[in-house]
Amino acid sequence: MDKSELAPGGGCNQDVQCIANAKCSTTEHKCRCNENYFDNDLTESGVGGVCILKKGVGDTCTALGTTTECSDSDAMCTTETGGGTKCRCTANYYDSDLDSNNVGGTCTLKKELGVECTDSVQCLDLYSQCGTWSAKAVCYCKSGFYDNNNNNIGGTCYALNELKVWNPTLTSRSETYLEIEWTAPTASGAVEEFRYQVGSGSVMSVNKESTANITGLTPGSMFTIKIISVDTNSGPTTQTTYVEISIATVPAVPGPLDLAKSDLTASDGQITIRWKSTGTVMYYTVTISELVTNPTTVYVPYQVIGGNVAKNGYRYTLTVKAHSNSLESAEYTEVFRTVITKPNPPTLPLTCLDDDRKSLSIYVRWLAPTYPNGDILYYLVDTTGPTTVPQFNTSTNVLDQKVEPLQEAMQYCFRVKTVNDGPDNIRTSDSSYQQQCCYTRAGLATVMLRTTSRSIQISWSKPNNTKGDLTGYRLRVRSSDVCVVEVILKCSTGCVPMVITHNCATDKRLIQVDRNSTELMSFMSYVIDQLLPYTDYEVWINAINAAGDGDRNETSVQTDSDVPQKPLSVVASVVSSSEITVMWNQRAPRPGVTTYYVESYEVVLNSDPKFVKFLNLSGFSTQTTTFSGLEAYWNYTFSVVAATDKGNSNQSEKSVTVTTLQDAPGKVTNFEIMIPTNTLTTMQVSWAIPLLRDRHGIIKEYRISHNISGTTTLETITAELEIFQKLYYITPDRHYKVELYAVNTINQIGQKEQMIFHAIPNNEIAQMSDNAYSIGTVVGTAIGCVLFTILVMGIVVYLSLKRRQITTIKKSGPRQVHNEAEHGDQYEDLGMDNISSYQELGAKATQNVYDQIGRVQTVDKHYENMLT
């Protein structure tokens, strides 16, 4: 067979059958080009072609997009930028000779970020480059890209703007600070810190926090804030990217008023009020009481008020707000006052009111000036006529003055001046333009009043000038400017009959009494009764002749005080375990200066109430008080006595008995620990219920605590009885501590009692203090005994012999299992797991509190008799 037929792809059995640079494939049994050669027909299935040496990196090739012609397995035939096709390394590889114009080199795997390099072409990431970082050349991300693996080997370069924060938001602001927050970018691990910059100011770091509190700002201003993300681990140069947010601070509150630059003289028809401001303000809204009632907008820090509307010496309230960037400040309010000038005089009626004319005085009344031009301090009333006081000072800004003493039936004229709070040279006005003139009345010659608690006796003599025959007298008693009773003494004999009508309203007490003419011309007296005690009245009396009523005499008087009425409806309300509030009702009228004596009584069992204490309080309307310091869970009742300077009322009925609330119980009584006769290994604990006054409630149970071998044990015993006994197994010649207290039905713990008991051998009686004592006391006693050396030595020998006897008894007796180790140290407490019982003690020969109050065996156990 012609050897040419055995070209690449032709069948064969031996290498010699194949053309040059080819060999027979042992698996296909076809001629194939050697490793560094390729079949120039560029097909695997076809037969023919010649084996040509493969192209090096950078050498020209023809099979675009294939690796067949390229000698390097990681190279491919690709199109050149300037035209043509050449073998070039694939995407993740680079030409080792680093020169695209040379032919040769090998395709080497590109380097990851952070790996040392010599040329940027060696770097794997498309957005990376080779450069010096930390004293060595490595691949790192180009500017504008960050390494998502920081400065660790590996990672990918992403666009730097992905590190911008999201959603910057204002959370709080004031006049000088802004607080903002934002959401960190997804790739927050690539951000080494966040910073912020206000305008062109300093850049401040907040580390990795996502909030910034920006202080020291100008009020009312708009600020552009950059929130900057900082990347320092993607290359040798720090990179930043940022977002911006524009936020304004709150405008500063205006004020205070700048009175030095204000013009507050209203006399020229206008005033100008200025205020101080801080920061940026676009405009103000202003109101001024009585002058600018609706908010007015001004663009400067002052307000001009014209039109002669402002008054001199007057106080106005300015309210102003600052506005900027759609924000407003809080209100600023300040009172200012215009300049004080000379006041205008008041307006005085030409004549007096008829009721203002008295026999020895006249009430002068006037109207305040429209323009006082300051604060009116008082008025001066100038008087002409027969008087010893030509000018009266009202002392205050009242609008009337009683001018006295004057003479009867005389004419007087008055003018009034205004005095304000201005300087002395301008504070007093001119006299009033009007002059008021009027006559005093011709009154009765003599009027005398005598009072009791319920009546007024009026005595008088006829007028000096009756101006004809008298036909009667009119007597009126008034209270708080209201008529109470009117009496007409009418001439019925020796005179011409005349109809005299009442002036008081028909719903008042109206009385007519006949008198003869002689009586009317004589000294007279009349008693008006059915009045109220300790009440202010005005008594009016005037004579009547054929021409009508004469001038009246007015006298003020107060009725006398009286003995109070009996207090009613005494009610007691429990406040706490020691407090009770008592209320009652005292019927009107007020009898005088009233003092109440509130008495408390305790009610023990079924006995009569027993006085405990009282409280006294003043004031007729003060009809409640609270008792404190009372016994807990104790029965009380209360009564009230009212008193004046005239005497005491009858004692009120006692209130319904009430009981104070429960409180912690007191100590148990008869607390004893002893060894029953001839029983060395048994300890008896006995006690009785607390004294009745110390129980402070219903005893529910008792609690006994002790400690054995270091463990505290607490036992609860139901309080079904009044006297208790508890038995425990013990070891002689040891100390035991027992603590005992009562507990009431609301689980309040009572006062604790504690005893330390020394179980002495040989049937000796246990030695105890009448009062509870501590372990320290026992130890102190032992130390004192050391002083008696000989006695102590004898006791030691004696106790040693007794211990041996007890040990012998234990070994031979039924309780041989209780060895010394089971009883712990010398100071151990009784154990509740020993056999025990508690039972009611038998009646004692000596009588105690329980014998006196009786044994209570009911559900209440303690208070049933007491509370019934």
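Residues numbered from 1 in each chain as written. Predicted model: local features only at pLDDT ≥ 70, side-chain atom pairs only at ≥ 80, totals over all residues. Heavy atoms only, no water.

A.B. asks: I tried to follow the overall build of the chain on my own but got confused; where do I start?
C.D. replies: For the chain, the helix and strand inventory stands at six helices and 55 strands. For the chain, buried positions account for 41% of its 868 residues. Long-range pairs, those at least 24 residues apart, make up 59% of the contacts in the chain between residues at least 6 apart in sequence. Accessible area of the chain: about 44400 Å², with a carbon and sulfur share of 50%. (Helix = DSSP H or I, 4+ residues; strand = E, 2+ residues; numbered from the N terminus. Buried < 20%, exposed > 50% of the residue type's maximum accessible area, 1.4 Å probe, protein only. Contact = heavy atoms within 4.5 Å. Areas by Shrake-Rupley, 256 points an atom, 1.4 Å probe, with all protein chains shown as cover.)

A.B. asks: Whenever I open this one, the nonpolar core confuses me. Can you help?
C.D. replies: One recurring pattern in soluble globular proteins: nonpolar side chains tend to sit buried together. If you look at the biggest cluster of nonpolar residues, it comprises 24 residues, and the most contacted ones within it are F671, I673, M683, W687, Y702 and F757. If you list the elements that add at least two residues to this core, you get β49 (669–674), β50 (682–688), β51 (699–708), β53 (723–729), β54 (734–744) and β55 (753–759). Sort the elements by how many residues they give to this core and β54 lands first, with four residues. The contacts of F671, once residues within four sequence positions are left out, are V685, S686, W687, V738, L740, E753, Q754 and M755. Residues I456, V513, L520 and A543 belong to the second largest nonpolar core, which totals 23 residues. (Core = buried A, V, L, I, M, F, W, Y, C linked by side-chain atoms within 4.5 Å.)

A.B. asks: Help me understand the pattern of salt bridges in this model?
C.D. replies: Per the stated rule, a full pass over the model turns up 28 salt bridges. For K321, the salt bridge goes to E328, with nearest N and O atoms at 3.1 Å. Across the pair K402 and E404 runs a salt bridge whose closest N-O atoms are separated by 3.8 Å. Given the relative accessible area of 32%, K402 is considered partly exposed. Connected through shared salt-bridge partners, R315, R337, D375 and D421 make up one network. (Salt bridge = Lys/Arg side-chain N within 4 Å of Asp/Glu carboxyl O.)

A.B. asks: Is there a simple way to think about the state of the cysteines in this case?
C.D. replies: Cysteine pairs can be linked by a disulfide, which is a covalent bond between their two sulfur atoms. Tallying each qualifying case throughout the model produces 13 disulfides. The disulfide that involves C89 links it to C107, with 2.0 Å between the sulfurs. What sets the handedness of the C89 and C107 disulfide is the S-S torsion sign, and at about -100° it is left-handed. Highlighted residues: C89 in strand β6 (residues 85–89) and C107 in strand β8 (residues 107–109), separated in sequence by 18 residues. The two residues C89 and C107 agree in class, both being buried. Disulfide pairing places C117 opposite C130 at an S-S distance of 1.9 Å. With the S-S bond torsion at 105°, the cross-link from C117 to C130 turns out right-handed. With C117 in the loop between β8 and β9 (128–133) and C130 in strand β9, this residue pair connects regions lying 13 residues apart in the sequence. For the pair formed by C117 and C130, the shared burial category is buried. (Disulfide = S-S within 2.5 Å.)

A.B. asks: Would you explain the sheet that holds strand β38 (residues 524–528) in this entry?
C.D. replies: Two strands in a sheet stick together by hydrogen bonds in their backbones, pointing the same way (parallel) or opposite ways (antiparallel). Judged by pairing direction, the sheet is antiparallel, and its three strands sit side by side in the order β33-β34-β38 without closing on themselves. Bordering the open sheet on either side are β33 (444–451) and β38, each of which pairs with just one other strand. For this sheet, the mean inter-axis angle between neighbouring strands, taken without regard to orientation, is 20°. Pairing of β33 with strand β34 (residues 456–463) involves seven bridges; the strand directions are antiparallel. The residue bridging R450 from the neighbouring strand is Q457, located in β34. (Pairing = 2+ DSSP bridges. Axes fitted to C-alpha atoms, helices over the stretch in contact; angles between N-to-C directions.)

A.B. asks: Where do I start with the sheet that holds strand β18 (residues 222–231) in this structure?
C.D. replies: The strand order β16-β15-β18-β19 describes an open sheet built from four strands, whose pairing is antiparallel. Looking at the sheet topology across the chains shown, the edges are occupied by β16 (203–205) and β19 (239–248). Neighbour-to-neighbour, the strand axes of this sheet turn through a mean angle of 25°, independent of strand direction. Relative to β18, strand β15 (residues 193–198) runs antiparallel, the two sharing six bridges. When the sheet's bridge partners are listed, R195 is paired in β18 with I228.

A.B. asks: Is there a simple way to think about the packing of aromatic side chains in this case?
C.D. replies: For any pair of aromatic rings, the description rests on two quantities: the centre-to-centre distance and the angle between the ring planes. Applying the stated rule across the entire model yields 18 aromatic pairs. Centre to centre, the rings of Y146 and Y158 are 6.0 Å apart; their planes meet at 35°, and the pair counts as tilted. Here Y146 is found in strand β11 (residues 145–147), whereas its partner Y158 is found in strand β12 (residues 157–159), with twelve residues between them in sequence. Using a relative accessible area of 35% as the deciding quantity, one classes Y158 as partly exposed. Here Y601 and F611 contribute two aromatic rings whose centre-to-centre distance is 5.8 Å and whose plane-to-plane angle is 75°, an arrangement assigned as edge-to-face. (Phe/Tyr/Trp six-rings, centres within 6.5 Å; stacked < 30°, edge-to-face > 60°.)

A.B. asks: Would you take a moment to explain unusual backbone geometry for this structure?
C.D. replies: Note: most residues except glycine have negative phi, and most peptide bonds are trans. The linkage connecting G255 with the following residue, P256, adopts the cis geometry, with an omega of 5°. With respect to the helices and strands, the residue P256 is situated in the loop between β19 and β20 (271–274). Residues A588 and P589 are joined by a peptide bond in cis, for which omega reads 5°. Structurally, P589 can be placed in the loop between β42 (580–585) and β43 (595–602). In this structure, S480 is a non-glycine residue whose phi angle is positive, near 55°.

A.B. asks: Looking at this model, I keep getting lost on the pairing of strand β31 (residues 411–420). Mind explaining?
C.D. replies: Remember that side chains alternate between the two faces of the sheet whenever the strand is regular. For β31, the buried fraction is high: seven of the ten residues fall into the buried class. Alignment of strand β28 (residues 376–384) against β31, held across eight bridges, turns out to be antiparallel. Following the sheet pairing, Y378 is matched in β31 by V419. As paired strands, β31 and strand β32 (residues 436–439) are joined by four bridges and run antiparallel to one another. Residue pairing in the sheet places F414 in a bridge with Q436 of β32.

A.B. asks: Looking at this model, I keep getting lost on the confidence of the model for the chain. Mind explaining?
C.D. replies: Low pLDDT marks regions whose predicted coordinates should not be analysed in detail. Put simply, the chain has an average pLDDT of 85, and 86% of its residues get 70 or more. A low-confidence stretch, residues 765–783 (pLDDT under 50), is modelled with 21 contacts involving residues beyond four sequence positions or located in other chains. This model gives residues 802–868 a pLDDT under 50, and the stretch forms 142 contacts once residues within four places in sequence are excluded. (pLDDT = per-residue confidence, 0-100.)

A.B. asks: Would you mind showing me how to read a nonpolar patch on the surface here?
C.D. replies: Together, M282, Y283, Y299 and V300 give the surface a local cluster of nonpolar side chains, amounting to about 400 Å² of exposed area. Within the fold, Y283 resides in strand β21 (residues 283–288). According to the relative accessible area criterion, Y283 is partly exposed, its value standing at 30%. (Patch = residues over 30% accessible without salt bridge, like charges linked within 9 Å, V, L, I, M, F, W, Y side chains within 5 Å.)

A.B. asks: Is there a simple way to think about the side chain of T669 in this case?
C.D. replies: Its place among the elements puts T669 in strand β49. At a separation of 2.8 Å, a polar atom in the side chain of T669 contacts the main-chain carbonyl oxygen of I689. (Polar contact = N/O pair within 3.5 Å; in protein donor to acceptor, adjacent residues only side chain to side chain.)

A.B. asks: Quick question: what am I supposed to make of the side chain of T341 here?
C.D. replies: In this fold, T341 is placed in the loop between β26 (332–337) and β27 (362–365). Once residues within four sequence positions are removed from consideration, T341 is found in contact with S267, N312, P372, N373, N420 and I426.

A.B. asks: Honestly, the environment of D59 in this entry has me stumped. Any pointers?
C.D. replies: Along the chain, D59 falls in the loop between β4 (51–53) and β5 (75–79). Remark: the alpha-carbon pair of D59 and C77, spanning 18 residues in sequence, is separated by 9.2 Å. Look past the residues within four positions of D59 in its chain and what remains in contact with it is T85, K86, C87 and V103.

A.B. asks: Is there a simple way to explain the environment of E175 in this structure?
C.D. replies: Secondary-structure assignment places E175 in the loop between β13 (166–173) and β14 (178–183). Owing to a relative accessible area of 27%, E175 belongs among the partly exposed residues under this scheme. In sequence terms E175 and T218 are 43 residues apart; their C-alpha atoms lie 7.1 Å from each other. In this structure, E175 is in contact with L217, T218, P219, T249, V250, P251, A252 and V253, ignoring residues within four places of it in sequence.

A.B. asks: Help me understand the environment of L680, please; the structure alone is not making it clear to me.
C.D. replies: Tracing the backbone through its elements, the reader meets L680 in the loop between β49 and β50. Distance in space between the C-alpha atoms of L680 and T731 is 7.8 Å, their sequence separation being 51 residues.

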